[in-house]
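Residue-level structure breakdown
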Amino acid sequence: MANGGGWRPPRPCEAYRAEWELCRSAGHFLRHYYVHGERPACGQWRRDLASCREWEERRSAEAQRSLCESERARVRAAQKHGLVWTPRQSPPADWHLPLPQDKDS
């Protein structure tokens, strides 16, 4: 680690390869297409894998910058979507009462 200081990629290269292979799998394709209505974009995982390998082989500053930007974008995307419901601080006041019964049943 003489050229790169103490910097390491955020994930091992094997993790990028596993994510890329998962993204390209038939099961993932079907689930992603069903949920989002479009093909999954696996290109970023492939670019991250290439950057990670380039970092390990050549200690390229460009590869380091690319990996850092990609991970920051992933974190921002994950934080962008908030909770669907706001968590309750306490249960409803009538939580212990029996549920209403339908008269049709």
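Conventions we followed
Residues numbered from 1 in each chain as written. Predicted model: local features only at pLDDT ≥ 70, side-chain atom pairs only at ≥ 80, totals over all residues. Heavy atoms only, no water. Helix = DSSP H or I, 4+ residues; strand = E, 2+ residues; numbered from the N terminus. Rg over C-alpha atoms; globule rule 2.2 N^0.38 Å. Buried < 20%, exposed > 50% of the residue type's maximum accessible area, 1.4 Å probe, protein only. Contact = heavy atoms within 4.5 Å. Lys, Arg positive; Asp, Glu negative; His and termini not counted. Charge placed at Lys NZ, Arg CZ, Asp CG, Glu CD. Core = buried A, V, L, I, M, F, W, Y, C linked by side-chain atoms within 4.5 Å.

**Notes on the overall build of the chain**
- Looking only at helices and strands, the chain features four helices and zero strands.
- Walking the chain from its N terminus toward its C terminus, one meets helices and strands in the order α-α-α-α.
- A compact globule built from 105 residues should have a C-alpha radius of gyration of about 13 Å, whereas the chain, at 23 Å, is more than 25% larger.
- For the chain, the spread of C-alpha atoms along the three principal axes comes to 75 × 35 × 20 Å.
- A total of 105 residues make up the chain; the buried ones form 23% of that total.
- Once local pairs closer than 6 in sequence are excluded, the contacts in the chain between residues at least 24 apart make up 58%.
- One finds the centroid of the 18 positive side-chain charges in the chain at a distance of 4 Å from the centroid of its 14 negative side-chain charges.

**Focus: the nonpolar core**
- One finds Trp7, Tyr16, Trp20, Trp45, Cys52 and Leu67 to be the most contacted residues of the largest nonpolar core, which totals 13 residues.
- Those elements that provide at least two residues to this core are helix H1 (13–24), helix H3 (43–58) and helix H4 (61–80).
- In this view, cysteine 52 contacts Pro9, Arg11, Pro12, Cys13, Tyr16 and Leu67; residues no more than four positions away in its chain are not counted.

Honestly, that's just the spatial picture; any functional story needs more than this.
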